[in-house]
Amino acid sequence: MTNGNSLDPWYDSYAQRTAGLSASEVRALFAVASRPEVVSLAGGMPFVSALPRELVTGSIDRVMTEDAAMALQYGGGQGLRQLREHIVDVMSLEGIRASAEDVVVTTGSQHALDLVTRLFIDPGDVVLAESPSYVGAIGVFRSYQAETVHVATDEHGLVPEALRETIGRLRAAGKRMKFLYTIPNFHNPAGVTMSRERRIEVLDICRSNNILVLEDNPYGLLWFDEPAPQAIRSIDDEGVVYLGSFSKTLAPGFRVGWALAPHAIREKLVLANESAVLAPNSFGQYVVNAYLDAADWKGQIDTFRGIYAERRDAMFQALGEFLPDLTWTRPNGGFFVWLTLPESLDSKGMLPRAVKELVAYTPGTAFYADGRGAQHIRLSFCYPTAEQIRVGVKRLANVVNDELELIETFGSATRPNAVVQQTSSVSAPPPNIS
């Protein structure tokens, strides 16, 4: 074979869009972060050990006793009807009034995100996304050859005026914008929540510009002090596609998520779902359905809330003790804190040293499509214990202080591309402000 290269003889045969496929910086950390001696503040893994085993085994036993023949068989492309009815009940907790007919069950909400992108994006189309944004979404958009354009956020979420300005600038440049991707509740990675007033304004801006809103909401029920504002989808049932998941409120291993879409989009989502996987995981759907039928699932979510709130507070306390001169966001739910470093530091360049010091985090560069984020770190408090969080933050502080001491001693920044890097537009209140 004369084409290709020495490592991959099929290199010249791949579709152009495969150039957008790359391992995320989060995934690249897993092998290191899973070492038992490393305190991982990197991955957003739910603390599934808080889920009583009997709730899961009881659901599995009921499925195998009562529905085994169906649960082990192919299912429909839209998903199990009974489960879709439960999903409608779950969404009603955030103000959404919907029909099970407009719900499509998917293999996690990541699959739903891929399907929506597949339906709407042609090469060169623009996806608007918060600044920063979810690394898994950026990867999907890149794989379909979309251009991801970030829109500024602050402690109250997406900034409407920045959205107007961005849309105007892109329209003047002849760009075609297909949808706005947003995580309005306890954002990944920034931890911020979009205010009620901004949700209304952002939706109005998108309506007036014929831009679909893709609302991704895996964390919405995991609030600590007070619920987030009601879902954007509760305001408008035609201009919003809503993505949900049981990965954070039950367990990610079931791989059960969903999309709630306007009728015409829903029809295409079912066809795309069937084309991709024939049907979503039947067994997982039946088990989740049995769990929702019999378990106190709301009480279990309360249990998760209590655990995550305690761990968030442990992170706040550790950051205040060991890194008091830095700033960070103060989430009221979810899994993540967004830490801002001194301008001279590079979170990605600093990571090998941090791993050597037995602490892992996710560098901010993972959450931008345009190379930004070097001054930021995403810290996850969902999986490690409060004591592990304290140890991890102390180790991180040692790395940060050592890096700053080196810079002071040698008079140069550790960040090789400091000229082109920009700081995130997420602003964090001072650490001593509640």
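How each quantity is defined
Residues numbered from 1 in each chain as written. Predicted model: local features only at pLDDT ≥ 70, side-chain atom pairs only at ≥ 80, totals over all residues. Heavy atoms only, no water. Pairing = 2+ DSSP bridges. Helix = DSSP H or I, 4+ residues; strand = E, 2+ residues; numbered from the N terminus. Contact = heavy atoms within 4.5 Å. Axes fitted to C-alpha atoms, helices over the stretch in contact; angles between N-to-C directions. Core = buried A, V, L, I, M, F, W, Y, C linked by side-chain atoms within 4.5 Å. Buried < 20%, exposed > 50% of the residue type's maximum accessible area, 1.4 Å probe, protein only. Phe/Tyr/Trp six-rings, centres within 6.5 Å; stacked < 30°, edge-to-face > 60°. Lys NZ or Arg CZ within 6 Å of the ring centre and 35° of its normal. Patch = residues over 30% accessible without salt bridge, like charges linked within 9 Å, V, L, I, M, F, W, Y side chains within 5 Å. Areas by Shrake-Rupley, 256 points an atom, 1.4 Å probe, with all protein chains shown as cover. Salt bridge = Lys/Arg side-chain N within 4 Å of Asp/Glu carboxyl O.

Undergrad: Any details on the sheet that holds strand E3 (residues 126-131)? Residues and values, ideally.
TA: Across the sheet, eight strands lie side by side as E2-E9-E8-E7-E6-E3-E4-E5; this open sheet has mixed pairing. One side of each edge strand has no neighbouring strand; the edge strands of this open sheet are strand E2 (103-106) and strand E5 (157-158). Where E2 and strand E9 (residues 257-260) come together, four bridges link them in antiparallel fashion. What sits directly across from Val-105, in E9, is Trp-258. Where helix H6 (residues 135-143) meets the sheet, its contacts fall on E3, strand E4 (147-154) and strand E6 (177-182), and the angle it forms with E6 comes to roughly 165°. On the sheet, helix H9 (residues 263-277) packs against E2, strand E7 (212-216), strand E8 (240-245) and E9 and is oriented at approximately 25° with respect to E2.

Undergrad: Can you lay out the nonpolar core for me, pointing to particular residues and giving the numbers?
TA: The biggest cluster of nonpolar side chains holds 77 residues, and the ones touching the most others in it are Leu-83, Phe-246, Tyr-308, Leu-319, Leu-339 and Leu-379. The dominant element in this core, judged by the number of residues it contributes, is helix H11 (residues 297-322), at eleven residues. Contacts of Phe-246, omitting those with residues within four sequence positions, involve Leu-83, Ile-87, Val-90, Ala-251, Val-256, Trp-258, Val-288 and Leu-292. Listed in part, the 25 residues of the second largest apolar core include Ile-183, Leu-243, Ala-261 and Val-270.

Undergrad: Hey, could you go over the packing of aromatic side chains for me, with residue numbers and the actual values?
TA: We describe a pair of aromatic rings using the distance from one ring centre to the other and the angle between the two ring planes. Taken as a whole and assessed by the stated rule, the structure comprises eleven aromatic pairs. An angle of 65° between the planes, with centres 5.7 Å apart, marks the rings of Phe-141 and Phe-179 as edge-to-face. One end of the pair, Phe-141, is in helix H6; the other, Phe-179, is in strand E6, with 38 residues separating them in the sequence. Both rings, one in Phe-304 and one in Tyr-308, keep their centres 6.0 Å apart while their planes meet at 10°; by these two values the pair is stacked. Separated by four residues within a single helix, Phe-304 and Tyr-308 lie in helix H11, roughly one turn from each other. For the residue pair Phe-304 and Tyr-308, the accessibility class agrees, reading buried in each case. Following the ring pairs from residue to residue traces out a cluster consisting of Tyr-219, Phe-304, Tyr-308, Phe-335 and Phe-336. Lying over the aromatic face of Phe-47, Arg-311 brings its terminal NZ or CZ to 4.1 Å of the ring centre. Above the ring of Phe-316, the side-chain terminus of Arg-330 is found at 4.2 Å from the ring centroid.

Undergrad: Kindly report on a nonpolar patch on the surface, identifying the contributing residues and their values.
TA: Residues Trp-10, Tyr-11 and Tyr-14 make up a contiguous nonpolar surface patch of roughly 390 Å² in combined accessible area. With respect to the helices and strands, Tyr-14 occurs in the segment before helix H1 (25-33). In this structure Tyr-14 comes out as partly exposed when scored by relative accessible area, which is 44%.

Undergrad: Outline unusual backbone geometry, listing residues and values.
TA: Here the residue pair Ser-131 and Pro-132 is connected by a cis peptide bond, since its omega of 5° sits within 30 degrees of zero. For Pro-132, the location among the structural elements is in the loop between E3 and H6. In this chain, Asn-188 is followed by Pro-189 through a cis amide linkage whose omega measures 20°. Note that Pro-189 resides in the loop between E6 and helix H8 (196-208). For Phe-186, which is not glycine, the phi dihedral falls at a positive 50°. With respect to the element layout, Phe-186 can be found in the loop between E6 and H8. Here the phi dihedral of Arg-255 falls at roughly 55°; this positive angle occurs in a residue that is not glycine. Structurally, Arg-255 is set in the loop between E8 and E9. Looking at Arg-255, the relative accessible area reads 33%, which means it is partly exposed.

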